[in-house]
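# What the coordinates show
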Amino acid sequence: MFVIYTAISVKLKYLSALFVILLQLGSLGEIHAASLNNFVPLQTNFESNRDKRGDLGGPYPMHTVDIIEQHGYPVETHFVETQDGYILEVHRIPPLAKNDKLPVLLTHGNFQSSAEWVINTPTNNSFAFILHSMGYDVWLGNNRGNPYGRRHKSFATNSPSFWNYTFHEMGLFDMPATIDHVLNQTGKSKLNYVSLSMGPAAFLAGLSHHPEYNGKIESAVLMGPTVFMAHFYNGLVYYMSFLSRFITMFLNAFGSIPAISPTLGKLLNGLLPYLCSPKVDIIGICVNWIHIVYGQDGDLITKEQVAQVFATTPASGSSLKLTNHVMQLWRSKGFQEYDYGRRKNLEIYHSETPPSYNLTKATVPIALFVGLYDFMGHREDAKTLASKLPTLIEYYESPYKQFCHLDFVYGREIAAQLYYHAIEIFQIKEK
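Since the model is a prediction, treat every value here as computed from it, not as a measurement.

## Observations regarding the overall build of the protein chain
A count of helical and extended segments in the protein chain gives 14 helices and ten strands. Sequence-distant contacts in the protein chain: of pairs separated by 6 or more residues, those separated by 24 or more amount to 78%. For the protein chain, the computed accessible surface area is about 17800 Å², with 59% contributed by carbon and sulfur atoms.

Next up, the structure:
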């Protein structure tokens, strides 16, 4: 048996080596390590600084700044350096006049970017614009690896070291660095925090290790949280989670790589809007694909809207290690740190199994927003999360019964109803 296992392991290593070579080819030619000397902390002239910003490609105004400017809103670009050397681009829609409102930080999910909060149509259905219209100072965060977080002081973006992260590092480093920057720039002592999909996992992981940041957040609204995932796609993906063991072997041997190479991501964002435009996709293949994968939402996401959606999503930036971490959560049905395997776990955690995140350390007032037709942030998993949060202020299910995962950012006027409810929570907490 040992001989058979050894032979299989050797073959897997050779196949893994070929796999990593092919995927790394897709990353060649991407941005390499960047010195902070090439960046300034604040820029408002987008055209003169396009070369210093992320580039999503595509026929539509892809860059978050482009979208904001196209609609006539003021915008600033900030660069935030994390403790471990990543340089993140953060976008701000400043208020037109000073007021006593706390700033609001919006953070995105996996394979997404800051563009998600300004892309819902019409503009009075986009959360960032709604907040601005009500006088809030709006900040749009970006996580490492996405098109606005693809710079590092030391690592090239085709280096395994660059992609060696999961949502754990996003919570440990990206979240506190961004919060500190917002508070330093605004002079406020606290902010309101909004996060979507995988973002809540990073948020709660961060608070588990940095409980002092509870004091910097007035309230948090977590939308469609994918934290506990026993019911992810109604639990069917549990039967795929055995693959994570092989991926763990591969990652331990060769290091991490992007789940979607930046080159492929840019190609998809450039090509899919053309293929999915109503003039080309006459029979609605693209919108039906969204309904199959994410749920039939009663056409909240229309075929006219799909081209714009694919112009920014999927935003390459997720690492294979992050994807593997998610698969591990499918299998464990818990919420714990990355599992390196028994031997390496002993080295890192001094335990054969990874520790669970301590959710009792998340003492900030939290509201959970849940879609009844959300296969990814499943309501049963959200209920599990709700039962473990010590300061839950509301568990809120969208009254629209077919509300699915993507509708939190693309659900037009139905999504806007949730946004106004979130603002009510901010207003109550700030009194």
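## What about the pairing of strand S2 (residues 76–81)?
Counting buried positions over the six residues of S2 gives five, a clear majority of the element. The pairing of S2 with strand S3 (residues 86–93) spans six bridges and is antiparallel. Pairing of Glu 81 across the sheet is with Ile 87, part of S3. Adjacent in sequence and paired antiparallel, S2 and S3 are bridged by four residues, among which Gly 85 carries a positive phi angle near 95°.

## Here's the deal with the side chain of His 291
As for its position among the elements, His 291 is in helix H8 (residues 285–294). Exposure remark for His 291: the relative accessible area of 8% places this residue in the buried category. Residues in contact with His 291, not counting those within four places in the same chain, are Gln 296, Asp 297, Asp 299 and Ile 301.

## Examining helix H10 (residues 320–332)
Since one α-helical turn is 3.6 residues long, residues separated by three or four positions face the same way. Taking 1.5 Å of rise per residue, 13 residues should cover 18 Å, and H10 covers 18 Å from first to last C-alpha, within 8% of that figure. When we look at burial in H10, the residues that qualify are Leu 320, Lys 321, Leu 322, Asn 324, His 325, Val 326, Met 327, Gln 328, Leu 329 and Trp 330. Directly after H10, the chain includes Lys 333, whose backbone phi takes a positive value near 60°.

## Here we look at the pairing of strand S7 (residues 191–196)
Buried residues dominate S7, accounting for six of its six residues. By the alternation rule, side chains of S7 split into Leu 191, Tyr 193 and Ser 195 and Asn 192, Val 194 and Leu 196, which are all buried. Bridge analysis of strand S4 (residues 104–107) against S7 gives four bridges, and the strand direction is parallel. Its bridge partner being in S7, Thr 107 is matched across the sheet by Ser 195. As defined by bridge partners, S7 adjoins strand S8 (residues 217–223) across six bridges and the pair is classed as parallel. Within S8, the position partnered with Leu 196 by the bridge is Met 223. Chirality of the crossover, the property in question, places the unit of S7, helix H5 (residues 199–209) and S8 among those that are right-handed.

## Notes on the state of the cysteines
Simply put, disulfide is the name for a covalent bond between the sulfur atoms of two cysteines. Enumeration according to the criterion identifies one disulfide in this entry. Each sulfur of the disulfide joining Cys 276 and Cys 286 lies 2.0 Å from the other. When the S-S torsion is -75°, as for the bridge of Cys 276 with Cys 286, the disulfide is left-handed. Here the residue Cys 276 occupies a position in the loop between helix H7 (262–275) and H8, and Cys 286 occupies one in helix H8, the gap between them amounting to ten residues. Here Cys 276 and Cys 286 have matching classes, each one buried.

## A word on helix H9 (residues 303–310)
Among the eight residues that make up H9, six are buried, leaving the element largely enclosed by the rest of the structure. Of all the positions in H9, only Gln 305, Val 306, Ala 307, Gln 308, Val 309 and Phe 310 are classed as buried. Residues of H9 that are buried sit in contact with H7, H8, helix H13 (407–410) and helix H14 (412–430).

## Here we look at the packing of aromatic side chains
The tally for this structure, following the rule as stated, stands at 25 aromatic pairs. Each ring, one from Phe 162 and one from Trp 163, has its centre 5.1 Å from the other, and the planes form 70°; the classification is edge-to-face. Residue classification places Trp 163 among the buried positions, given a relative accessible area of 0%. For the pair Phe 250 and Phe 254, a centre-to-centre distance of 5.7 Å together with 45° between the ring planes defines the contact as tilted. Taken as a pair, Phe 250 and Phe 254 lie in helix H6 (residues 243–254) at a separation of four residues, close to a single helical turn. By relative accessible area, which is 4% here, Phe 250 ends up buried. A residue is classified by how much of its surface remains accessible, and Phe 254, at 29% relative accessible area, is partly exposed. Ring pairing ties together the aromatic residues Phe 232, Tyr 233, Trp 330, Tyr 373 and Phe 375, which thus form one cluster. Arg 144 extends its terminal NZ or CZ atom over the ring of Tyr 86, reaching a point 4.0 Å from the ring centre. Sitting above the plane of the Tyr 165 ring, Arg 144 keeps its charged end 5.9 Å from the centroid.

## Regarding the packing of H6 against H10
Pairs of packed helices are described in terms of their axes, by the angle between the two and the distance that separates them. Here H6 crosses H10 at 145°, and the two axes come no closer than 9 Å. Note on packing geometry: the crossing formed by H6 with H10 is left-handed. Contacts between H6 and H10 pair Leu 243, Ser 244, Arg 245, Ile 247, Thr 248, Phe 250 and Leu 251 from the former with Leu 320, Lys 321, Asn 324, Met 327, Gln 328 and Arg 331 from the latter.

Each value, and the rule that gives it
Residues numbered from 1 in each chain as written. Predicted model: local features only at pLDDT ≥ 70, side-chain atom pairs only at ≥ 80, totals over all residues. Heavy atoms only, no water. Helix = DSSP H or I, 4+ residues; strand = E, 2+ residues; numbered from the N terminus. Contact = heavy atoms within 4.5 Å. Areas by Shrake-Rupley, 256 points an atom, 1.4 Å probe, with all protein chains shown as cover. Buried < 20%, exposed > 50% of the residue type's maximum accessible area, 1.4 Å probe, protein only. Pairing = 2+ DSSP bridges. Expected span 1.5 Å × (residues − 1). Right-handed = clockwise from strand over helix to strand, strands pointing away. Disulfide = S-S within 2.5 Å. Phe/Tyr/Trp six-rings, centres within 6.5 Å; stacked < 30°, edge-to-face > 60°. Lys NZ or Arg CZ within 6 Å of the ring centre and 35° of its normal. Axes fitted to C-alpha atoms, helices over the stretch in contact; angles between N-to-C directions. Left-handed = near helix turned anticlockwise from the far one by under 90°.

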